[in-house]
Amino acid sequence: METAFFVRYTERKKQKAGCLLQDRLFLPLDGQYAQYLRDESRTTGKAETISFPRTEQQVRRVLLGTQGPVTVQGARTGLAAAAVPQGGHILNLSQMDRVTALREENGRFFVTVQPGVVLMRLRRMLHTREFDTRGWDEPSLAALRSLKAAGEQFFPTDPTETTATLGGMAACNASGARSFRYGAMRRHVTALRAVLPDGRVLSLRRGQCMAQGLSLRLVCEDGSEVYVSLPDYRMPRAKNASGYFIAPDMDALDLLIGSDGTLAVITELTLALLPQPPVLWGALLFVPDEHSAVRLSESIRREVSCTAALEYFDRGALRILSRSRARGGVFASLPDPQALGSTAVYAELHCREAAEAQAALLRLGELQRAAGGDSARSLVARTETDRETLTFFRHAVPECVNSLIDERRARFPSLSKRGSDMSVPDGALSEMMDIYLRTLREQGFEYAVWGHIGDNHLHVNILPRDMQEHARASQLFAQWAHEVTRLGGAVSAEHGVGKLKAPFLEIMVGRGTLRGMLRVKQAFDPHLRLGCGNLFGNAKELL
Amino acid sequence: MNILVCAKQVPSSGEVRLDPDTGTIIRDGCEAVINPFDSHALEAALCLRERLGGTVSVLSMGIPACADMLRDCVARGADQTLLLTDRAFAGADTLATSYALSLGVSALGGFDLILCGRMAVDGDTAQIGPELSERLGIPCVCDVFAIEPQQDALVVRHETDEGTEQVRVPLPALLTVTRELGVPRMPSIDGVARSLRHDVRTLSCAEAGADPEKCGLSGSPTQVLSTAAPQGRGRAQTLADAGQLCTLLREVLE
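Residues numbered from 1 in each chain as written. Chains lettered and ligands numbered in written order. Predicted model: local features only at pLDDT ≥ 70, side-chain atom pairs only at ≥ 80, totals over all residues. Heavy atoms only, no water.

A. Region of the structure containing the overall build of chain B. Tallying secondary structure elements over chain B gives 6 helices and 11 strands in all. Along the first, second and third principal axes, the C-alpha atoms of chain B reach 70 × 45 × 40 Å. Residues classed as buried in chain B amount to 46% of the 254 residues present. A separation threshold of at least 6 residues defines the contact pool for chain B, and within that pool the share at least 24 residues apart is 70%. As displayed, chain B offers around 13300 Å² of accessible surface, 50% of which is attributable to carbon and sulfur atoms. Taken together, the 21 basic and 34 acidic charged side chains of chain B have centroids lying 3 Å from each other. (Helix = DSSP H or I, 4+ residues; strand = E, 2+ residues; numbered from the N terminus. Buried < 20%, exposed > 50% of the residue type's maximum accessible area, 1.4 Å probe, protein only. Contact = heavy atoms within 4.5 Å. Areas by Shrake-Rupley, 256 points an atom, 1.4 Å probe, with all protein chains shown as cover. Lys, Arg positive; Asp, Glu negative; His and termini not counted. Charge placed at Lys NZ, Arg CZ, Asp CG, Glu CD.)

Written as structure tokens, this is what we have:
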């Protein structure tokens, strides 16, 4: 009796999602899978079915076996709700989690992964140089022997959330603190495979499929072709993860990276590794206020060439961390930031030798003093233990803010932190900082700001005290989107646009370019099935 | 209060490897760090100096590269350092080490308080502190986790096999300390700059006035007959969710 009910229930769900009824890959989205309706943005969606393919062939089967919307998911650590479904089917790639090949070319190493490999696992494998080599070909095994004999290698993209999948990171062109030196995810992807919504497979290798001006012709593995007419649009000269990568004569690979799960399903990525820098030091430099921090970061950017990361923490962020620290628990072991100053800049130095790092560190001290700080008020990490302390310090800031919001959610369950992800070009940060501070103070918000000051990219977090403030925060974000656009910046620099920032993308690129981007999508996905709601909001309204 | 901290350089704990032939720790190529328990001793000393004034000195015995560790102690706030370094000191057991350290203490002058980590993470003997106090003829309390200064004495709390105990120790004294006394503070840029200008004083066996027969291997009655690496207990794997767990269980059962 129960079995019959389950079969009918499953069929109903599958029918609603337009799935092949007999295919066991499709699971009804019932209570046990409810977590897959949410992501780290704390947004909840809806779906009828879900699948966990393990191979590219199964991804094809899922896409061919569904007719309605398909939302692609990795580890659901995104902050822009790109992985939150709006009905239909969820294609969760977390079980495609194998490293499938390793290559060495001219002393450089390249690792090929399925999209569900989690960043933390890749780092661990590279550190221990231990891989599950089942199914590896002989060149991969030979490359592994070379890797074991070589100095330690690392993958430089370092988002705060290390449980992110590499596929998700490619989908939003993720970055992190070290992108200041090494660039975002895009720069390190040398090849990928992806399945189009109609089941065709694309295999792209960097440099092998280039646009002619604004025309792009991609050849699928079955010999069929995809023609893409790129909109005539100039991307901002700032760190950018807003909408499609578009440039004359561009590499087709770059279009797929950062496409927010809207063009095709990435099934394999080849990533270039870098040799671990022999000397890695960090320094947290305290300065009197926000503008001294901007001045300090600009001078470090100009003068300390071995800087790999340049991060910012404002007084709100440090105050919240200090408060959490005083309560004891895991944060009690951290140095008290408020004993050292109100605002801080973190600089990470990647050097070939200790003497270079020493000279750079002493220069940081001079620049800190020139910006109005006191170099006695700094924390230097030169040992593994101290590096771990500073890493913990940096990651503790967002955690403490999230805890504060969780406390407030006891009274207002729908309350959430509202965090910006906007960047501006070099030279414009001081003006944008003025705008942030003036508008935040005018409206009486509680806020905490941190982020990648070296890339002129700050996460301004409004911490609403009630639902009214929560609503007002959205209006202020739209205002900032206009200001950032006026300054030539980007509305999303690293999180991707997803669903939450779709209205800002239109502010940034204009309706005409957005329509042009939608035409790009239609070339890959004519029925607009993939990643519904991402980038374009309600895409059908745009047509 | 003038305080001396005894510090040992050890391989970074995540990277301890044994030479399969000799059974001794391979120190080449490993990141060398201050013994973590000694870093808690340094932090305790710096905290006491903040309250009572005085100086913090750091004494070590080891290869010349240990000077970097001592400079790092200066970067964190230590005032002076001494390194006992000589081939004659090599291969010392705890008896020969405590003999050399006692000469280092004499060379540095008198101290009100000597702090050692409860043990070194490479040897795990926990003998140096008590042996050094015996040689210096001063009281010793082991595994101290709280220190409260009084006139000419300290009231300390320490771990015992039965629990904890509070005792009053007249000064001068030697304490071995636990991690509860504080995470070592991080250096500032000014501290690092100071440490770069700091000259680590070194003493050879002869300069320390040591009897070579009591140093290093010759002065060590302990003989290590053999060592063996413990067998691993298998590796743990972290899974992202219940779905992965089910898949893995299915694979195991099949």
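B. Layout of the nonpolar core. Residue and element names in this part refer to chain A. Phe 155, Leu 166, Leu 218, Leu 271, Leu 364, Trp 480 and Phe 524 are the most contacted members of the largest nonpolar core, which has 124 residues in total. The dominant element in this core, judged by the number of residues it contributes, is helix H14 (residues 502–524), at 10 residues. Residue contacts for Phe 524: discarding those within four places in its chain leaves Leu 196, Pro 197, Leu 202, Leu 218, Val 228, Leu 255, Leu 256 and Leu 263. (Core = buried A, V, L, I, M, F, W, Y, C linked by side-chain atoms within 4.5 Å.)

C. Expanded view of the pairing of strand E9 (residues 201–205) of chain A. Residues and elements named next belong to chain A. Examined bridge by bridge, strand E8 (residues 189–195) and E9 share 5 bridges and lie antiparallel to one another. Paired with Arg 193 across the two strands is Ser 203, which belongs to E9. Between the end of E8 and the start of E9, which pair antiparallel, lie 5 residues, with Gly 199 showing a positive phi angle near 90°. (Pairing = 2+ DSSP bridges.)

D. A look at unusual backbone geometry. In this chain, Leu 171 of chain B is followed by Pro 172 of chain B through a cis amide linkage whose omega measures -5°. Phi angles above zero are rare outside glycine, and Leu 535 of chain A is one such case at about 65°. You can see Leu 535 of chain A is positioned in the loop between H14 and helix H15 (539–542). Phi is positive for Asp 143 of chain B, close to 55°, though the residue is something other than glycine. Mapped onto the elements of the fold, Asp 143 of chain B is located in strand E7 (residues 140–150).

E. A look at the packing of helix H2 (residues 66–75) of chain B against helix H5 (residues 189–197) of chain B. All names here are of chain B. Where H2 meets H5, the axes come as close as 7 Å, and the angle between the chain directions of the two elements is 140°. Judged on the interaxial angle alone, H5 and H2 are oblique. As for how H2 packs across H5, the hand of that crossing is right-handed. In contact with Arg 71, Val 74 and Ala 75 of H2, H5 contributes Gly 191, Val 192, Arg 194 and Ser 195. Looking at the contact of H2 with H5 residue by residue, the class counts come to 3 nonpolar, 2 polar and 2 charged. (Axes fitted to C-alpha atoms, helices over the stretch in contact; angles between N-to-C directions. Parallel < 35°, antiparallel > 145°, perpendicular 65-115°, else oblique. Left-handed = near helix turned anticlockwise from the far one by under 90°. Nonpolar A, V, L, I, M, F, W, Y, C, P; charged D, E, K, R; others polar.)

F. Structural detail: the sheet that holds strand E5 (residues 80–84) of chain B. Residues and elements named next belong to chain B. With mixed pairing, the 9 strands of this open sheet are ordered in space as E9-E8-E7-E10-E6-E1-E4-E5-E11. Both outer strands of the open sheet, strand E9 (164–170) and strand E11 (201–203), are each paired with one neighbouring strand and no more. Between one strand axis and the next, the sheet turns by 30° as a mean value, whatever way the strands run. Examined bridge by bridge, strand E1 (residues 2–6) and strand E6 (residues 113–117) share 4 bridges and lie parallel to one another. Residue pairing in the sheet places Ile 3 in a bridge with Leu 113 of E6. Across the sheet, helix H1 (residues 36–52) lies against E1, strand E4 (55–61), E6, E7 and strand E10 (173–177), angled at about 150° from E6, the strand it touches most. Along the sheet, H2 contacts E4 and E5; its crossing angle with E5, the most-contacted strand, is approximately 165°.

G. Geometry of the interface of chain B and chain A. Taken together, the 19 residues of chain B in the interface contact 30 residues of chain A. Between chain B and chain A, roughly 1900 Å² of surface is buried when both sides are summed, and carbon and sulfur atoms account for 54% of that area. Looking at the side of chain B facing chain A, the largest losses of area belong to Met 186, Ile 189 and Leu 196 of chain B, adding up to 34% of the total buried there. For the pair chain B and chain A, the interface holds 4 salt bridges. Between Arg 54 of chain A and Glu 251 of chain B there is a salt bridge, with its nearest N and O atoms 3.7 Å apart. At the junction of chain B with chain A, the criterion picks out 7 residue pairs in polar contact (both at pLDDT 80 or more). Only H2, H5 and helix H6 (242–253) of chain B provide two or more residues apiece to the side of chain B that touches chain A. Per-element accounting of the side of chain B that touches chain A gives the leading share, 5 residues, to H5 of chain B. Split by residue class, the side of chain B that touches chain A holds 8 nonpolar, 4 polar and 7 charged. (Buried area = accessible area lost by both parts, 1.4 Å probe. Salt bridge = Lys/Arg side-chain N within 4 Å of Asp/Glu carboxyl O. Polar contact = N/O pair within 3.5 Å; in protein donor to acceptor, adjacent residues only side chain to side chain.)

H. Summary view of the sheet that holds E8 of chain A. All names here are of chain A. If you trace the 5 strands from one edge of the open sheet to the other, you get E5-E6-E12-E8-E9, paired in antiparallel fashion. Whereas interior strands pair on both sides, the edge strands pair on one side only; in this sheet they are strand E5 (99–105) and E9. Going across the sheet, the axis of each strand differs from the next one's by a mean of 15°, ignoring polarity. Where E5 and strand E6 (residues 108–113) come together, 6 bridges link them in antiparallel fashion. Counted as the bridge partner of Glu 105 is Arg 108 from E6.

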